[in-house]
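Here's the letter readout for the chains.
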There are 2 protein chains.
Amino acid sequence: MDAGNDVRGNFEVKDGACEPPRKIAKLDISGDNEADKESEVSPRCTFEGFKIDKVLNDNPQNKILFLQGRFDGSENKAVVLLEKTPFCTDNANHLLCKDTNLKETLQNDIYHTYDVYPDPKLNALKATVIYPATDKHVQKYIAQDVHLVEETAEDYEKITLPYLNQSQFSVQWVYNILEKKKESERILYEDCDPETGFILIPDMKWDLKDTSRLYLSAIVQHRALKSLRDLGPEHLPLLKNILMSGQKAIQDKYGVPPSKLRIYFHYQPSYYHLHVHFTHVKLEAPGSGVERAHLLTDVINNIKLLPDYYKLKPLMFTVKENDPLYNRFKEAGKL
Amino acid sequence: MDAGNDVRGNFEVKDGACEPPRKIAKLDISGDNEADKESEVSPRCTFEGFKIDKVLNDNPQNKILFLQGRFDGSENKAVVLLEKTPFCTDNANHLLCKDTNLKETLQNDIYHTYDVYPDPKLNALKATVIYPATDKHVQKYIAQDVHLVEETAEDYEKITLPYLNQSQFSVQWVYNILEKKKESERILYEDCDPETGFILIPDMKWDLKDTSRLYLSAIVQHRALKSLRDLGPEHLPLLKNILMSGQKAIQDKYGVPPSKLRIYFHYQPSYYHLHVHFTHVKLEAPGSGVERAHLLTDVINNIKLLPDYYKLKPLMFTVKENDPLYNRFKEAGKL
């Protein structure tokens, strides 16, 4: 479910949802590189001489291709994301007109399919070029085999938790938000209570305009909660507060009612400081699939039904083969 | 999560996963309609004179547009699905070459974006035309507001169950499969035990070739089980049998190991005869989102933890505004 088409952020666990990546090199792509001392290479507005070294990934569902290559004469890597663009509904009548060429490919009963060749001006692709690209950029886009793993309560104690404790992922960027050192101007809602409080802040993936693509995160004030696994009946006031206050803040600010919100945790999360995703139910958000997402209302109801639910329940999660956790589970004979 | 881009099937609840639609009219789209008496109109291979009456829906994520219109001089409705096509990785070097025109749209640090105008021959769209189309075809593609509903155990007894009993949806097509009257040649695995048996059969959405898009359904022999809500500890042998035997049959036939399978129920299901979806974890299948899917392993583990789990647990589900169940919940003040 991870579409992998989120260009910025998430290069490291600590980059998580909100922090933009560091600058790597200043670059001039205007064609004249007199002015800029830091730029090593200046790709002109052309792919002439571009060499594709590798197809990193291909997403046929979203029609996106991820390539690694080099511009002519340069040793630096470039990552190119090539994507088909959404239709502009206002232009539809220009696409279905006499100047559009059709080639029939199938006819069966009332169903007909065609290859359609419209005016090229109406059919641009979008390219995103990351240049120069580091190995981390390349790694981010490489197609990885994904496995579904069943983590029992014992697996969590013996495999996952020791791994998390050893890895000591930094969540300083989260503390910067909670302490209002960063991004304070973006905060939608804040509750400072150390036990039940949280900050609600738009995710970088959302443009803040199209409410059908709404995406915010609630980050809890409590610093000892890593994930779902830590939750018990003592956290019901926190969870209910996130649900009710988060819904209300979004309804008040964006006019989106609670019945149109998908509100969920990830397991495994991308960073281990408890947070909740709020997305519009229409948005097919990466990570909203059943193999990773856990609805906040389900979490509340599960704890009400069985207080130790998240201490006892085997949890399924997906893991990429290049994730160290994959090797930990494999070494333990769990894969 | 319902992408709505599945052209055939599912026009009625009973059409569910496997049965193709009935013929509505035989149609000749070759341009000469001398031969075919049943055809009322013959669209030529052109959109000349085509009038768009309505944009039914727009899926910007998958780049698909759903239109309703009429061919010149005809009163019959046509439904047109216009979609951007996946990239052909073999052609990537022809897309990134000197003949491709670029227009820069953004430059920030190492990130550059462009509008890309490639050779039109390499950039065809795909059109699917349903013509003549019935109101049911049109209805199927109209964008519907979707709501997330919390169904308590009491709501199930008082709202959902009476609605299901009154509606008496036909699942004859399912019985045709179980009785081998239809589609018997497509069966991958069969266990005839009336309590613990099931039939595993490819879903019509899968082409049977690309295993990364694998999609099969397990349909239980037991005829009294409608959905998750009916499951209790007495069904653990059935559920475990579906899990183990389904995984093994798929591994044996298609070489896809259990860790690459997403195995889940829908709630609400599209037809009320218990069935389980088996999809490749890479496939972003419609209905695999957390708001509709329930992993089979989770169902087994929940019943083990709490035998009455599915009798007690509030279940979230999504409902479209044109679904009669939406009105039932609304009338009950639950929305």
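Quick caveat, the model's predicted, so the values are computed rather than measured. (Residues numbered from 1 in each chain as written. Chains lettered and ligands numbered in written order. Predicted model: local features only at pLDDT ≥ 70, side-chain atom pairs only at ≥ 80, totals over all residues. Heavy atoms only, no water.)

Observations regarding the sheet that holds strand β12 (residues 275–280) of chain A
Residue and element names in this part refer to chain A. Where we set the bar: When DSSP finds at least two bridges between two strands, those strands are taken to pair. Comment: elements are numbered from the N terminus, with helices defined as DSSP H or I runs of at least four residues and strands as E runs of at least two. Note on method: axes are straight lines fitted to C-alpha atoms, helices fitted across the in-contact stretch only, with angles between N-to-C directions ranging 0 to 180 degrees. Every residue pair with non-hydrogen atoms within 4.5 Å of one another is taken to be in contact.
Spatial strand order, β8-β9-β10-β12-β11-β13: six strands in an open sheet with antiparallel pairing. What marks the edges here is a single partner per strand, and that holds for β8 (189–191) and β13 (293–295). Strand-to-strand, the axes of this sheet are offset by a mean angle of 30°, without reference to chain direction. Across three bridges, strand β11 (residues 261–266) lies against β13 in antiparallel orientation. Considered in β13, the bridge of Tyr264 is made with Leu295. Contacting β8, β9 (198–202), β10 (215–220), β11 and β12, helix α5 (residues 236–254) crosses the sheet at an angle of about 40° to β9. Here helix α6 (residues 296–305) sits on the sheet and contacts β11, β12 and β13; the angle it forms with β13, its principal contact strand, is near 65°.

Focus: the pattern of salt bridges
Note the threshold: We count a salt bridge whenever a side-chain nitrogen from Lys or Arg sits within 4 Å of a carboxyl oxygen from Asp or Glu. Only protein chains enter the area calculation, which uses a 1.4 Å probe; residues under 20% of their type maximum are buried, those over 50% are exposed, and those in between are partly exposed.
Scanning the entire structure with this criterion turns up 34 salt bridges over all chains. With its nearest N and O atoms 3.9 Å apart, the salt bridge here joins Asp145(B) to Lys282(A). A residue pair is termed interchain when its members come from two chains, as with Asp145(B) in the loop between α2 (135–141) and β7 (146–151) and Lys282(A) in the loop between β12 and β13. We classify Asp145(B) as partly exposed; its relative accessible area is 28%. A relative accessible area of 47% places Lys282(A) in the partly exposed class. Salt-bridge contacts for Asp252(B) lead to Lys248(B); the nearest nitrogen and oxygen are separated by 2.6 Å. With Asp252(B) and Lys248(B) both in helix α5 (residues 236–254) and four residues apart, the pair spans about one turn of that helix. Like Lys248(B), Asp252(B) is exposed. The structure contains a network of salt bridges with shared partners spanning Asp145(A), Lys260(B) and Lys282(B).

Topic: the side chain of Ser245(B)
Residues and elements named next belong to chain B. On the secondary structure map, Ser245 appears in helix α5. A residue is classified by how much of its surface remains accessible, and Ser245, at 14% relative accessible area, is buried. In contact with Ser245, not counting residues within four places along its chain, are Tyr189 and Phe198.

Regarding the packing of aromatic side chains
Residue and element names in this part refer to chain A. Where we set the bar: Two rings from Phe, Tyr or Trp (for Trp, the six-membered ring) form a pair when their centres are within 6.5 Å of each other. A pair whose planes differ by under 30 degrees is stacked, one over 60 is edge-to-face, and the rest are tilted. Our definition puts a charge over a ring when NZ of Lys or CZ of Arg is within 6 Å of the ring centre and also within 35 degrees of the ring normal.
Considering all chains together, one arrives at 23 aromatic pairs over all chains under this definition. An angle of 70° between the planes, with centres 4.9 Å apart, marks the rings of Phe50 and Phe71 as edge-to-face. Of the two residues, Phe50 sits in the segment before β1 (51–59) while Phe71 sits in the loop between β2 (64–70) and β3 (78–84), which places them 21 residues apart along the sequence. On the basis of relative accessibility, which here comes to 8%, the residue Phe71 falls in the buried class. When the ring centre of Tyr175 is taken as reference, the NZ or CZ atom of Arg223 above it lies at 4.1 Å.

A short note on the relation of the copies chain B and chain A
Heads up, the condition is: Residues reaching a pLDDT of at least 70 in both copies supply the C-alpha atoms on which the copies are superposed by least squares.
Once turned by 180° and shifted 0.0 Å along the axis, chain B lies on chain A with an RMSD of 0.1 Å. Expressed as an axis order, the relation between the two copies is that of a two-fold axis. Take the interface residues of chain B: 99% of them recur as interface residues in chain A, which is what a same-surface contact looks like.

Description of the interface of chain B and chain A
Heads up, the rule is: Under this definition, polar contacts are N or O atom pairs within 3.5 Å; protein pairs additionally need one hydrogen-donor-capable and one acceptor-capable atom, and for neighbouring residues in sequence, both atoms have to be side-chain atoms.
Tallying the contact residues gives 105 residues for chain B and 104 residues for chain A. Summed over the shared surface of chain B and chain A, the number is eight salt bridges. In this structure, Lys313(A) and Asp298(B) form a salt bridge, with 2.7 Å as the shortest nitrogen-oxygen distance. The tally of links from chain B across to chain A stands at 35 residue pairs in polar contact (both at pLDDT 80 or more). Per-element accounting of the side of chain B that touches chain A gives the leading share, eight residues, to strand β6 (residues 125–133) of chain B.

Considering the sheet that holds strand β2 (residues 64–70) of chain B
Overall, antiparallel pairing links the six strands, which are arranged β4(A)-β5(A)-β6(B)-β3(B)-β2(B)-β1(B) in an open sheet. In the strand order of this sheet, the two ends are held by β4 (101–108) of chain A together with β1 (51–59) of chain B, each with one partner. On average, each strand axis in the sheet is inclined to that of its neighbour by 25°, with strand direction left out of account. With seven bridges connecting them, strand β3 (residues 77–84) of chain B and β6(B) associate as antiparallel partners. Residue pairing across strands places Glu83(B) opposite Lys126(B), the latter belonging to β6(B).

Section: the packing of helix α3 (residues 153–167) of chain B against helix α8 (residues 324–331) of chain B
Residues and elements named next belong to chain B. Let me state the cut-off plainly: Helix crossings are classified by the rotation of the near helix relative to the far one: an anticlockwise turn of less than a right angle makes the crossing left-handed, while a clockwise turn makes it right-handed. Classes in brief: Ala, Val, Leu, Ile, Met, Phe, Trp, Tyr, Cys and Pro nonpolar; Asp, Glu, Lys and Arg charged; the others, Gly included, polar.
It is the contact of α3 with α8, at a shortest axis distance of 11 Å, that shows an interaxial angle of 145°. The hand of the α3/α8 crossing is right-handed. Of α8, the residues touching α3 (which contributes Asp155, Ile159, Thr160, Tyr163 and Gln166) are Pro324, Leu325, Arg328 and Phe329. Looking at the contact of α3 with α8 residue by residue, the classes come out as five nonpolar, two polar and two charged.

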